Structures are given as C-alpha cells and as structure tokens.
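Overview (structure and organization)
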Amino acid sequence: MALTIRPYQEGDAHAIAELYNRHRDNPNPVAGGVSGDELARELAERETATFLVAEDDERLVGTFGLFHNTGRRSARAGELIADMFFVHPAHRGGLVTGRLFTEAVEWMMRTGCLVLRLTVNPANTVAFRLYRRVGCVSVGRAVPGEDGNVELHNYIPLVVRSVFADLGERATAALGSLTSFASVTESRDDELRSDVRMADGVRTVDYSLALGEFRIDASVDVDRGTVCEARLTEPGGATRALRIAQPPYRVRTPRGVAPYRFTRSGLTCEVDGDDGTLSVHVDGHRGPVLVSTWPSCRADRPAGWREGEPRDLTLEPVEGGVRVTERDGDATVTGTFTLDDAGLLQEFTRTGPDTGRIFQTIGLRQGVFTGPDGRDHPIGLGRGVRDASEIVAASHTVPAGTELAWRGPDVRIALAADGALRLVHSTLLERRLAPGPDGVARMRTDLRPSGADTARRLEVHAAAGGVTVWREGTTKVLRSPYPRTRSHGYNPHWSAGLWVTRENSRHDRAAGLGWGVPAAGAWEEKHPLGLHSPDAGLDWEIAAHGDGLRVETRSSGTDRETVVWLTPQTPLRTAVVLASGGEHWELNTGDFRQVWAGRAAVRLSDGRWLHCAPATAPHDELVLRATPSGLLIGGVSAAPESTWLFSVHDTPLHFRTTEPKGNDRS
C-alpha cells in the first residue's frame, strides 16, 4: 500500500462526494446524496483552514477537514473544528486514521491554531476510543445531543506551544522525534463523563504528556483557552515549573450582558447581549417560536444555529424594539429589530466584507409546514424538504416570490422568500443579507399568536370595481393586481380580488358561464363597503360576519345570473376541500380544470383556509377554476338577491352535507 496524505486540490470534490455517497455510515449524510459541486461550495462556505485527503495508490480512501465554522458551530479565536473525518471501511484500524489525525494536528501547531474541537458518535466505539487515546477531552455536556454526538476538545497543541520555549534542548529533541499523538498523552477511559476539574473557581482540564523520558503535566483553563500552569519532570525525577507563553490570540469570553426584551401584540422578543441571537416567544409555547442568529463582521465567524462565539455588541432601545451594533476594525454590522402588529422586522446595514449570513430556526415542534411548492407536511426532519444539516450547501434554495408557512397550536409563522434563502430542513433556514437599493437588508417574518385579536384590513375601490385588499391579521386572503389591470385566465381586465358581474346562465347551451369580465360602465360608491353599477343594474355590499365577510348582491334583471368572483391568495397548486352532490371531496388544483360545489374550502398561501358558501338559496352554487394564473372562484346565483359567506379558518373543517333522500353523511 502506497499511502499518501495531501491537501485538497481542485477537482477532488467529486471523488469525495462519491466516497461519502457510497457509505451510509459517513459522518455527513444528506438524504439522496451530495454532489461534487455542493461539497466544493460547502468547503468554501465553511472558511476551510485545511482539508486533507488520504490516497492509497491514487485512490481516495479518507478525508479530514479543519474549519472555522460548520453551520452548527462557530470556532472561537485559536480554535478549529474538525469535521468530514471519514475513512473507507477497508482502511479503518490501520495507518490512515492515525496519519490523518496526526498531520492535521501538526498543521495546527505550525499555523498557531492551538485548540481542536470535534464531535463524535459515542456508539462508534472505534472512533470514540481513538479520540480519547489521542488526548480529546469532554468540557461540556458529556452525553449525546439531539444529533447523537458529543463534543470533544483537544488542547495538546496549546500545551506544547505554550511551554515550548522553556523545555530545554533535550526535551525539545524528544518532542521532535514524536510520530503520533497516541504515544504522547496518558490514555483516558471511554466513559461518557466530563473531564473538567474546578480549581479556585476556574474550569480546568489536566494533561500529562510523555516526551520520551520527559513528562509535562499541565492544567488548561478551558473557558479562556490558556494554560494555567505546567511543570516538566526530567528522566532523573527532578521537577521544575515551566514558563508559560500566552497564545498568539485572545479568546473573547462572555461579558454576562443581560438580554434585552421588548413585547408587542402577544409576542416577546429577547436579544442575547453577548452573541446577538434573537429569540421570539409567545404565551403558551414552551421555548422560542423563532430564533435568528447574528451576522458577524468577520467572514470566518458566522454564528451557527447551535453555537456562536461572544461578540462585542452595543444595544440601544429604539421605538418598538432594539438596535444592535458590532464593530471589528473598519467593519460594522448594525441590526434593528422591531415588533409590529404583523410580526418581526429585521433590518441590517453593514460596512466591510459583504458576507452577512444568518440561520433562523422555527421553534414549532408540532403542526403543519407548508413548503415552497404549496404542499402541507407535518413538521419534522426529513418532511417536505431533505435534511441537509450536515452539509448546508446541499440545502434547498427557495425560489424568490414563494412563501413558507408554519402553523402550530399556539402560533402561525409565515415569510416570503427573497431569493437569498435556503431550507436546511423543514424548520431551519439559512439567509444571506441582500441589501435593497437603499443599502438596507430587510427580513420580515409574520407571526400571529393563535387566539390573538386580529385586525381586519379591507379596501374597496370603485376604480377597480371591487375589493382590492382583504387581510385577516397577517393572512392575505385575496390576490389583486390593483392599481394595475392584468389578465387572469380568460379575463383580460382583472383588477380586483373580489368583484361581482352579470354572466350567461350556467346551463347556457351556446356559451355557458363567463369569466368575470367587468361591464364597461363605471362603478359608484354607495358607502365605503358597497358599490353600485347603474349600467349593469347591480348593487352589492360587504358586512363583517364572524371570521370573515358577508357579501350581498342585488340585480334588477332576471335574464342572466349574478356571480361573486374571488381570486384567493393561494399557491399555483393548492388543496381544496368541497361538498359536491352530497359527497365530501379532497382535491388539488393541479388535478382539475373546473369543478362545481355546494361549499368549498381552499388552502391559502400561509396555510390557513378560506371557506366559501352560499347563505341560504338552495340553487346557488360555487364554481372553481384552476388556471395558469391561479385559482378563480365564482359564487353563482340566478336569484335577484343572493348572499355569500367567506371566512378564514385554521382548518378546512369537514362539511356536513345532506343527500336528497335525507341520509346524513359526513
């Protein structure tokens, strides 16, 4: 075997991706596999310090990466995070594993990065024992987290670098003859326990390193990343204290700044004073419903969704929220966070490198996730979108203009994609700061607590001939191009989201029901929520009714039918529940062109449901038409007067219908 360990080269990515995809036990799995382009992008996004590959006779058999961040975590000063450590099964237990690890650590010592962090599955006893044998210690939680891993640290490079200048010629020569870290440190057991020892209120870990016949005993302050004390034992047993050189960097420790809190509309925002993480809470939900990390001034220090390093931040109150500022040399990031009746607004400005990147976690554990394709899924990993937690670059890019929504028992959350958003999994988003023309990057997240008072916004314009805006709290119910006029289906003059026309009879043999093209005459305002058309002989008005609207129409003619038209705010493909001919149906707008119903419920873009039904008349019907422009709904009545009910709910509800014979069915 001709084993070679070398740095990553351009062109290796596809071979590495193939290696990972062939073996399900690789530590960075992505459902469906990862491509070479995605892997190359991941190495760039992680600010890779070094990436080593192992080759056996020019066949790639192993990898080991050192990174400044991995998405999940961000390294402190002087630290590097080890990941993508993988060896082909046929080469495990041999030279490849030890050589990769040793060369990575030696690279760290040469470059001044002196603390190694890594995660490992303790059930992988081979890997776990290897790490413990080469000096990796547990300084935090000693039991697996949600991902099944524990985090370990290795401080051997820090210890050696800190005392190197005072070792003396013979001990230095012994250090230079070492070939593997496994022979340096005393073996540690493989029990899941913390290695931290409290010394005068300081969290420390102890090392005993063997350099031939010499021994170094050292104590490391794990929070400050420095060696507290060290001594050298010589071959004859003589012991002396070693002078300790400070590392060539300063570890920033938390200042203990109290979080800043502000509240509005049933929501409470909390901004961490140390790392800038923003959390939104709502009464009745355990834990935050939204967590948003802080974008760093530095490209190699983005905050991960689980952990980020402390920052030097200033927080100052503003109307409705707080302004947070971080400065690092000439680079500055300023974020203004405010709550309003619609939810959370985040506004960012920055100077210096344009590398803003944040992760947002939706804190709902139960409920419904509506993906960019408009389909509903139960909230959960691997549902609706593949889980790319291990390789963020393989996440799903959400097309601009689409909407994402989550709803649970306590809150509804919705946001519009801006083209700089990727779904890592169904409740984790990666977002890039995309400044607008004014240099401000804005991110709006609609949050509405369930049961909270919701403001209704309704706008009726005579120039448009109907309702141009209908919102129930944060729920946008209607689509409308107003003040423009556009085509919708076969209607060349679509200008409102709800309007009324006179049409052919629904059973007209020559033409059938029309498409809601408005009559040429002008509309007049009867009152703010009512319109009158002298030319068409039509009057209609709107009144509040429960969770929605009541629309009443009156027409003077009897030769045609009156139709209340709606263009609801739905994805191009959406779910429809309807009662038709005494039966209950669940359809998708991608599966039909036109259906008739007695009642219907349509899923809106934010996951709520618009219910449509006639109030009383037995012969009034709904027509639903799926068009390339979106869904068109018409409430059709031949009576001189008709009344329609349109309301917004969290569920489609099961319509209880009655067959002609009187048998109840549900």
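Residues numbered from 1 in each chain as written. Predicted model: local features only at pLDDT ≥ 70, side-chain atom pairs only at ≥ 80, totals over all residues. Heavy atoms only, no water.

1. Points about the environment of Gly93
Its place among the elements puts Gly93 in the loop between strand S4 (79–87) and helix H3 (95–111). The exposure class of Gly93 is exposed, given its relative accessible area of 77%. (Helix = DSSP H or I, 4+ residues; strand = E, 2+ residues; numbered from the N terminus. Buried < 20%, exposed > 50% of the residue type's maximum accessible area, 1.4 Å probe, protein only.)

2. Notes on H3
The end-to-end C-alpha distance of H3, which contains 17 residues, comes to 24 Å, matching closely the 24 Å that a straight helix rising 1.5 Å per residue would cover. Those residues of H3 not exposed but buried are Val96, Thr97, Leu100, Phe101, Thr102, Ala104, Val105 and Met108. A positive phi of about 90 degrees marks Gly112, the residue just after H3. (Expected span 1.5 Å × (residues − 1).)

3. Focus: the sheet that holds strand S38 (residues 538–545)
Taken in spatial order, the nine strands of this open sheet run S36-S37-S38-S39-S48-S45-S44-S41-S42, and their pairing is antiparallel. Edge positions in the sheet fall to strand S36 (524–527) and strand S42 (583–588), since each has one partner strand and no second. Sheet twist, expressed as the mean angle between neighbouring strand axes with direction ignored, is 20 degrees. Two strands pair when backbone bridges link them, and S36 and strand S37 (residues 530–533) are joined in this way by three bridges, in the antiparallel orientation. (Pairing = 2+ DSSP bridges. Axes fitted to C-alpha atoms, helices over the stretch in contact; angles between N-to-C directions.)

4. Focus: the pattern of salt bridges
Per the stated rule, a full pass over the model turns up 46 salt bridges. Close ionic contact of Glu79 with Arg76 constitutes a salt bridge, the shortest N to O distance being 3.0 Å. Across this residue pair, the class does not change: Glu79 and Arg76 are buried. A salt bridge links Glu430 to Arg432, with the shortest nitrogen-to-oxygen separation between them at 3.0 Å. Its relative accessible area of 31% is what places Arg432 among the partly exposed residues. Salt bridges sharing common partners tie together Glu45, Arg357, Arg422, Glu430 and Arg432. (Salt bridge = Lys/Arg side-chain N within 4 Å of Asp/Glu carboxyl O.)

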